[in-house]
Amino acid sequence: MNGTRHLIILDDTLILNKFSSSRICYLHPQDSGKIIKINRAERRGKSIDFNALEFKAYQAMSDRLKAFFPKCYGYEDTNLGKGLVFERIIDHAEPKDKDGEKRFPPVLKRLINTGSPLLTQELLDKLKEFFTLLEKEKICSNSLQAENIAVQTMENGETRIISPDCKLTEHRELIPVCYIPFFLKMKIRRRGKRTLDLVAKNIHK
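Everything in this summary refers to the structure shown in the same document. Keep in mind that this is a model prediction, so the values were computed, not measured.

Rules and cut-offs
- Residues numbered from 1 in each chain as written.
- Predicted model: local features only at pLDDT ≥ 70, side-chain atom pairs only at ≥ 80, totals over all residues.
- Heavy atoms only, no water.
- Pairing = 2+ DSSP bridges.
- Helix = DSSP H or I, 4+ residues; strand = E, 2+ residues; numbered from the N terminus.
- Axes fitted to C-alpha atoms, helices over the stretch in contact; angles between N-to-C directions.
- Buried < 20%, exposed > 50% of the residue type's maximum accessible area, 1.4 Å probe, protein only.
- Salt bridge = Lys/Arg side-chain N within 4 Å of Asp/Glu carboxyl O.

Turning next to the sheet that holds strand β2 (residues 23–27). A sheet is described by the order of its strands in space; here 5 strands give the open sequence β1-β2-β3-β5-β4, paired in antiparallel fashion. Edge strands, defined here as strands with exactly one partner in the open sheet, are β1 (15–17) and β4 (72–78). On average, each strand axis in the sheet is inclined to that of its neighbour by 35°, with strand direction left out of account. In terms of strand pairing, β4 meets strand β5 (residues 81–87) through 6 bridges, oriented antiparallel. Residue pairing in the sheet places Cys72 in a bridge with Phe86 of β5.

With that settled, consider unusual backbone geometry. Positioned with a positive phi, Lys138 is a non-glycine residue whose angle comes to about 55°. Residue classification places Lys138 among the partly exposed residues on the basis of a relative accessible area of 36%.

What follows is about the pattern of salt bridges. Applying the stated criterion to the full structure yields 10 salt bridges. Across the pair Arg23 and Asp165 runs a salt bridge whose closest N-O atoms are separated by 3.4 Å. Here Arg23 is found in strand β2, whereas its partner Asp165 is found in the loop between β7 (159–162) and α5 (181–200), with 142 residues between them in sequence. Comparing Arg23 with Asp165, the two get one shared label, buried. Asp31 is the salt-bridge partner of Lys34, the closest N and O atoms lying 3.9 Å from each other. When its relative accessible area of 30% is taken as the criterion, Asp31 is described as partly exposed. Residues joined in a network through salt bridges with shared partners are Arg23, Lys37, Glu54 and Asp165.

Printed below as a string of structure tokens:
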């Protein structure tokens, strides 16, 4: 039928990351430069549309802030349900995996634990810019944590701060003050400061 969208078939051979508690990440079978995120059917006894939370945050961002995240191409229909499609981020300094494929960049937490030379003042300055934009645009997401921020080495050798997950954080305050912009910005600032302080203690002078 004309106008019918082609259904993308995903299977276990395309899984790139199955350890997330919220979604499974697949390689796009028709474009190796893209990935597809599929919601897990259930989490903590309830169904949550984490793709919707991430897409909402991404759409609300300025182009300047979007540069710190993989490009989002929107939704596509798959045999596992509606999937959210993103640019695939690879690192050009990391050793290839056993199949000869480029790997995802290392996250800040790993770089701190290993004392990586990538932890420089220049990197800290990029992080400050990233967190300042998140606060200004009131995006309270998982991107504020060291385990959700990666440092990508690009083909030209330059480094880039990139976060693979910008879905909005679930607020669980007894009194929902984070729905007030001032308090939301304060929460973002506190979380960002924790990560900045951790990196600052470990940078190579």
